[in-house]
Amino acid sequence: MSTVIVNKIYELKKHIKDWKNNNYTIGLVPTMGALHKGHASLIKEAREACDKVVVSVFVNPIQFGPNEDFDKYPRQIDNDKALCEELGVDIIFAPSAEEMYGKNNRLNNTDLTFVCPPYNLVDCLCGKSRQGHFDGVATVVLKLFNITKADFAFFGQKDAQQLYIIKTMVRDLNLDIKIVPCSIVRENDGLALSSRNTYLSKEERSWALSMSKALNQIKTLYDGGVTDTNVLLDSAISILNKNLDIEYIEFRDFDTFEKIDNAKTNTLVAIAAKSGKTRLIDNIIL
Ligand code: AMP
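Residues numbered from 1 in each chain as written. Predicted model: local features only at pLDDT ≥ 70, side-chain atom pairs only at ≥ 80, totals over all residues. Heavy atoms only, no water.

(A) Spotlight on the site of the ligand. For the ligand, the set of nearby residues contains 17 residues, the closest of which are His39, Gly156, Asp159, Val185 and Leu193. Separating an oxygen atom of the ligand from a side-chain N or O atom of aspartate 159 is a distance of 2.6 Å. At a separation of 2.8 Å, a nitrogen atom of the ligand approaches a polar backbone atom of valine 185. Its free accessible area being 490 Å², the ligand has 93% of it covered by the protein chains. For the shell around the ligand, the secondary-structure elements that each account for two or more residues are β2 (26–31), α2 (37–49) and β5 (152–156). The element contributing the most residues to the shell around the ligand is α2, with three residues. A per-class count over the shell around the ligand returns eight nonpolar, seven polar and two charged. (Near = heavy atom within 4 Å. Polar contact = N/O pair within 3.5 Å; in protein donor to acceptor, adjacent residues only side chain to side chain. Areas by Shrake-Rupley, 256 points an atom, 1.4 Å probe, with all protein chains shown as cover. Helix = DSSP H or I, 4+ residues; strand = E, 2+ residues; numbered from the N terminus. Nonpolar A, V, L, I, M, F, W, Y, C, P; charged D, E, K, R; others polar.)

(B) The sheet that holds strand β8 (residues 267–275), seen in detail. Taking strand neighbours across the sheet as the criterion, the three strands line up as β7-β8-β9 in an open arrangement whose pairing is antiparallel. The open sheet is flanked by β7 (245–253) and β9 (278–285), the only strands paired with a single partner. Pairwise comparison of adjacent strand axes, ignoring direction, gives a mean angle of 15° for this sheet. Note: β7 against β8, eight bridges, orientation antiparallel. (Pairing = 2+ DSSP bridges. Axes fitted to C-alpha atoms, helices over the stretch in contact; angles between N-to-C directions.)

(C) Local environment of helix α10 (residues 229–239). Taken together, the buried positions of α10 are Thr229, Leu232, Ser235 and Ala236. All buried residues of α10 project into a common sector of 125° when viewed along the axis, lining one side. The outward face of α10, more than 90 degrees from its buried face, is lined by the exposed residues Asn230, Asp234 and Ser238. Of the residues flanking the start of α10, the one acting as N-cap is aspartate 228, its side-chain oxygen 2.8 Å from the backbone nitrogen of asparagine 230. (Buried < 20%, exposed > 50% of the residue type's maximum accessible area, 1.4 Å probe, protein only. Arc of directions from axis to C-beta.)

(D) Spatial organisation of the environment of proline 66. Within the secondary structure, proline 66 is located in the loop between β3 (52–57) and α3 (77–86). Sequence-wise, proline 66 and arginine 130 are 64 residues apart; in three dimensions their C-alpha atoms are separated by 9.9 Å.

If you want it as structure tokens, here you go:
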């Protein structure tokens, strides 16, 4: 059975109604496209858990800042469709910005109802340098949940802050959907897969590799009994390539999202850095 690309909300809703009438469970995998093995792992989990799978491919304009890479973000729907076919996806939902946000776009944000995640979750880590980013993410994700009426939605732990914010939104807004976290998929040498890796030159890629190396070093030390986050941080900094422009390395309790001084079980160690002009993120859970 082949994957159908649907661009219109009303058309997707017809399929969803049909599926619901048949009591099929629906799994949603929200993406911005340029699909890689990381996305594929989410899709595989969805395929195993659900009767029907929708992958959304939408480069969401309201989650990009004015100086970010919205225009140059890779768009390759033909490749995405081929991968989705291979993985048995039922529908790719690929709406236009106008379809999602209305005729005159409402993209200047003056005319759009937004979801505002709690301040303490957005005023930190990636939210510090990406003002409004998580409002844009939460808003589009809630729209996708409402449009697809999915029973399960699959999110990568690669975007740990996003995952935490979405789980919080589901709790706070009483949404009837189960969020399924999925592990980070990496290249053989450890680099976390990202659609933005295609921006990296060979040299920048080698600098970026030190991010996962530094995270692994922290894990090794922690497993060996070191819990002081200052000590762990120093060891990471000694490994990180000096050409990287480090934005943050932080230790947070992944149950509460609070910053911590002593690492323990379920501590999120998150890092963001620019390699050349490309901003990358990675993390590990201790
Ligand atoms: P994106 O297309 O970057 O918005 O990502 C769509 C989904 O794929 C998000 O839930 C991401 O966390 C997840 N994802 C992206 N890269 C990876 C990866 N390397 N491993 C696992 N999940 C990923």
